[in-house]
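Chain residues, written in single-letter form:
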Amino acid sequence: MAANESNTTLKEKNKTNIDPVRPVANFPPPIWDDRLLSLTVDYLELEAYAKAFDEPKEELRRLIINVNMDSNAKLCLINSVYRLGLRYMFREEIECQLDKLFKELNMEDYDQADLYTISTNFQVFRQHGYKLSCDVFNKFKDHSSGEFKEYITADVRGMLSFYESTQLRIRGESILDEAFVFTEAQLVDVVDTLEGNLARQVRHALRSPFHRATTQGRTVHFHKVS
């Protein structure tokens, strides 16, 4: 009886030691054949492209550090550089300019500025770690009714920039929480009436806001500017 049990145990152990039979993968041949294996690189041509890029690169660098450029125009330029993914080329120049502009910032300068300008400034400073106060948007709110002023809904470009700004809000900024709901609803209402590049920008922003991808999953640390 004991021998039978021992034989049964050995059989079970042997079964567990047998490698499982795996199906043979029958992958189709690659669509590229061997073309990429014989790829040749013309380094002289690549060097020529690099040299051709040097001039516009230096021209853009000069614009970024231009002391005579209007601050709003410079912030728009920096915003474009950032969105094009070229910030790494001018990191030092951009940080130097933003540090200077933020130190010289006067909140009263925004009294006459439009929604697009204020929203763009807000985005540039926030995305680079400068905590521009959300109070800059107070002028667009009717505090007697608690609603945003009706006239800004006609400025679709400004509303789009305002919507993007709300993606950079931090906890406790109720005006931006309200602005997110407001601008999103307004843009959804008008998107089908728009044409051209503006229509494409609004649709893309509603589907995937630019700043949601850049801030999601990380903690934002703000500069302390004396």
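On a predicted model such as this, the values are computed, not experimentally measured, just so you know.

Asks: Sorry if this is basic, but what is going on with the overall build of the protein here?
Replies: The number of helices and strands found in the protein is nine helices and two strands. Counting all 226 residues of the protein, 32% fall into the buried class. Looking at the protein alone, contacts between residues at least 24 apart form 67% of all its contacts between residues at least 6 apart. On the protein, roughly 15700 Å² of surface is accessible, and the fraction owed to carbon and sulfur atoms is 53%.

Asks: What is the right way to look at helix α7 (residues 174-190) in this model?
Replies: One turn of the α-helix equals 3.6 residues, which is why residues spaced by three or four share an orientation. The end-to-end C-alpha distance of α7 is 25 Å, a good match for the 24 Å that 17 residues give at a rise of 1.5 Å each. When α7 is considered as a whole, its buried residues turn out to be I175, L176, A179, F180, F182, T183 and L187. Looking at the packing, one finds that the buried side of α7 touches α5 (115-127), β1 (141-142), β2 (147-148), α6 (156-166) and α8 (196-207).

Asks: So what exactly am I meant to see when it comes to the pattern of salt bridges here?
Replies: Side-chain pairs of opposite charge can arise whenever the charged atoms involved come near each other. Within this structure, the stated rule accounts for 10 salt bridges. Two residues, D192 and R203, come together in a salt bridge whose shortest N-O distance is 4.0 Å. Taken together, the positions of D192 in the loop between α7 and α8 and R203 in helix α8 put the pair 11 residues apart, joining distant regions of the chain. On the basis of relative accessible area, D192 is assigned to the exposed category, the value being 65%.

Asks: Got a minute to help me understand the nonpolar core in this structure?
Replies: Soluble globular proteins tend to bury their nonpolar side chains together. L98, F122, F125 and F137 are the most contacted members of the largest nonpolar core, which has 44 residues in total. Looking at this core, the elements that each hand over two or more residues are α2 (43-65), α3 (71-83), α4 (91-103), α5, α6, α7 and α8. It is α7 that contributes the most residues to this core, six residues altogether. If we ignore the near neighbours within four places in the chain, the residues touching F125 are L75, L98, L101, F102, Y110, Y130 and L132.

Asks: I tried to follow the packing of α2 against α3 on my own but got confused; where do I start?
Replies: For any two helices packed against each other, the geometry is given by the interaxial angle and the distance between the axes. In the contact formed by α2 and α3, the axes pass within 9 Å of each other and the chain directions differ by 140°. Considering their axes alone, α2 and α3 lie oblique with respect to each other. Once α2 is placed against α3, the crossing between them reads as left-handed. Here L60, L63, I64 and I65 of α2 lie close against α3, whose contacting residues are K74, L77 and V81.

Asks: Mind showing me how you'd approach the packing of aromatic side chains here?
Replies: Overall, the coordinates contain nine aromatic pairs when judged by the stated rule. For the pair F148 and F162, a centre-to-centre distance of 5.8 Å together with 80° between the ring planes defines the contact as edge-to-face. Of the two residues, F148 is situated in strand β2 and F162 in helix α6; the sequence distance between them amounts to 14 residues. Every member of this aromatic cluster is reached through a ring pair, and the members are F122, F137, F148, F162 and F182.

Asks: Is there a simple way to explain a nonpolar patch on the surface in this structure?
Replies: Together, Y43, L46 and Y49 give the surface a local cluster of nonpolar side chains, amounting to about 390 Å² of exposed area. Topologically, L46 is positioned in helix α2. Assessed through its relative accessible area of 45%, L46 is described here as partly exposed.

Asks: What am I meant to see in the packing of α5 against α6 here?
Replies: Direction vectors running N to C along α5 and α6 enclose 25°, while the axes themselves pass 8 Å from each other. By the angle class used here, α5 and α6 are roughly parallel. Note on packing geometry: the crossing formed by α5 with α6 is left-handed. Residues L115, Y116, S119, T120, F122 and Q123 of α5 touch α6, and the partners they reach there are R157, G158, M159, S161, F162, E164 and S165. Residue composition of the contact of α5 with α6, grouped by class: five nonpolar, six polar and two charged.

Asks: Even after reading the chapter, I still don't get the environment of A113, so can you show me in this structure?
Replies: Relative to the helices and strands, A113 resides in the loop between α4 and α5. A C-alpha to C-alpha distance of 9.7 Å links A113 and N72, two positions 41 residues apart in sequence. Once residues lying within four places of it in the same chain are set aside, the contact partners of A113 are I118, K139 and F140.

Basis of the calculations
- Residues numbered from 1 in each chain as written.
- Predicted model: local features only at pLDDT ≥ 70, side-chain atom pairs only at ≥ 80, totals over all residues.
- Heavy atoms only, no water.
- Helix = DSSP H or I, 4+ residues; strand = E, 2+ residues; numbered from the N terminus.
- Buried < 20%, exposed > 50% of the residue type's maximum accessible area, 1.4 Å probe, protein only.
- Contact = heavy atoms within 4.5 Å.
- Areas by Shrake-Rupley, 256 points an atom, 1.4 Å probe, with all protein chains shown as cover.
- Expected span 1.5 Å × (residues − 1).
- Salt bridge = Lys/Arg side-chain N within 4 Å of Asp/Glu carboxyl O.
- Core = buried A, V, L, I, M, F, W, Y, C linked by side-chain atoms within 4.5 Å.
- Axes fitted to C-alpha atoms, helices over the stretch in contact; angles between N-to-C directions.
- Parallel < 35°, antiparallel > 145°, perpendicular 65-115°, else oblique.
- Left-handed = near helix turned anticlockwise from the far one by under 90°.
- Phe/Tyr/Trp six-rings, centres within 6.5 Å; stacked < 30°, edge-to-face > 60°.
- Patch = residues over 30% accessible without salt bridge, like charges linked within 9 Å, V, L, I, M, F, W, Y side chains within 5 Å.
- Nonpolar A, V, L, I, M, F, W, Y, C, P; charged D, E, K, R; others polar.

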